[in-house]
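Architecture and fold: a report
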Amino acid sequence: MSDIKRLILLNQMAGPLFRELAEGLSDAYDEGCLLLTGHPDTLSLRNKVNQKLYIKSAPIYNRSSNVSRILSWIKYIIISSYLILKSKKTDAFMIVTNPPILGGWFWFLNKIKKRKYSVLVYDIYPDILIVMKKISKKNIIVKLWRWINYKVYRDASVVITIGHYMANRLYKQFPKDAKFPKVVSPWSDTDKINPIPYQKNYLSQEFNPGNKKVVLYSGNMGASHDIESILQAAKILKNNQEILFIFIGSGEKWQFVNDFSRENDLSNVKIYPFQTEKKLPYTMALASVSLVALDVGAEELMVPSKVFYYLAAGSAVIGISKNENELKDIIEKNQCGVNVEPTNPQDLAKVILDILSNKEKLNFFQQNARKISVGQYSKKSGIAKFKLLLKNSL
């Protein structure tokens, strides 16, 4: 890294985890790091972070429709083009698969500048779009997209992804001369996110005034998430006065959650939009049990970062996923919860009831969750792995 003085990070939705990474990496470079993002929480904190991290504003990722989403991607890559073309010889880049069309555009412009760069793969495109039935796998766009991906990954100094199943999936897609992606798991700041007793959680009275056992779903309610099974499980358990389902987030299925709850008169369901980052430690700590859902076919394409926040908060975790995948491995190998098959709300309701009605089992899962968070998925260890990878490659 001796010839690299500044790292430029391109991520349209750089949330808490990525901002922590940017802060952690900034001390490794003489001129620090520059982060281009449209994430509102990160932008609101740009004067309060490490002085060696400069955060530059970009268009926000607009999920309201497919058209608005694509337009926001295009706006972002237009803004990022200026940084790429104005970069210095002593600059290097980290590009992220958000927006997913960024890699190909960067690769094209970088033919002019020839800067060293790394790629961080959070989601595997176009595979996600195929699973979501947004595009056919036989479409020429898919072949072109994968050809571009290969070029991007081949020319990168290092390719990093967040799960071993994702790494294997990427490697199998490309010729054997492609780099095998390095794996660094997501993390959470275990000093900020930790178990908080009900009486000391200032959000308890607002979100759970009856001091019920909370089943929490927090995050994106996207098309690849089996929200339907969660709602059906809530419907099955609607007469249980001790259990409260809390949904926090946004996405394509957010309105569906509202409509389903209203139409089925689910008084055991509360729905909130995304909360501010300041509230995150307290919303996470509300949960007795937390839910993470993956639709069939998406198991090797992503690793939900929310699970690492759940673990840090000391919540038992129920994964909703099929086949072998990172989420299932984390839950089962570390005995911090249970994995159930998608589209099986009866089984999901049964598991929720079983965990919440067995205090010893609940405590066992919760204690293991916090233990592995501190021991395996802490902020300190995650950033150290990134620093080492970049030091050895850029």
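A quick note: this is a predicted structure, and the numbers were derived from the prediction, not measured.

In terms of helices and strands, the chain carries 16 helices and 13 strands. A compact globule built from 394 residues should have a C-alpha radius of gyration of about 21 Å, and the chain, at 21 Å, falls within 12% of that. The dimensions of the chain, computed from C-alpha atoms along their principal axes, are 65 × 45 × 35 Å. Each of the 394 residues in the chain was classed as buried or not, and the buried ones make up 56%. Here the contacts in the chain between residues at least 6 apart in sequence split such that 72% fall between residues at least 24 apart. Summed over its atoms, the accessible surface of the chain is roughly 17,600 Å², and 53% of this surface lies on carbon and sulfur atoms. Of the charged side chains in the chain, 56 are positive and 34 negative, and the gap between their average positions amounts to 6 Å.

If you walk through the whole model with that rule in mind, you get 19 salt bridges. Arg19 serves as the salt-bridge partner of Glu277, at 2.3 Å between the closest nitrogen and oxygen. Within this pair, whereas Glu277 is found in the loop between strand S10 (269-272) and helix H11 (280-284), its partner Arg19 is found in helix H1 (residues 16-26), the two being separated by 258 residues in sequence. In terms of burial, Glu277 and Arg19 fall into one category: buried. Linking Lys379 and Asp189 is a salt bridge whose minimum nitrogen-to-oxygen distance equals 3.7 Å. Here Lys379, found in helix H16 (residues 379-391), pairs with Asp189, found in the loop between strand S7 (182-183) and helix H8 (204-207); they are 190 residues apart in sequence, far enough to count as distant. Judged by relative accessible area, which is 9%, Asp189 ranks as buried. Within the structure, one salt-bridge network assembled from shared partners comprises Asp127, Arg146, Arg169 and Glu300.

Each value, and the rule that gives it
- Residues numbered from 1 in each chain as written.
- Predicted model: local features only at pLDDT ≥ 70, side-chain atom pairs only at ≥ 80, totals over all residues.
- Heavy atoms only, no water.
- Helix = DSSP H or I, 4+ residues; strand = E, 2+ residues; numbered from the N terminus.
- Rg over C-alpha atoms; globule rule 2.2 N^0.38 Å.
- Buried < 20%, exposed > 50% of the residue type's maximum accessible area, 1.4 Å probe, protein only.
- Contact = heavy atoms within 4.5 Å.
- Areas by Shrake-Rupley, 256 points an atom, 1.4 Å probe, with all protein chains shown as cover.
- Lys, Arg positive; Asp, Glu negative; His and termini not counted.
- Charge placed at Lys NZ, Arg CZ, Asp CG, Glu CD.
- Salt bridge = Lys/Arg side-chain N within 4 Å of Asp/Glu carboxyl O.

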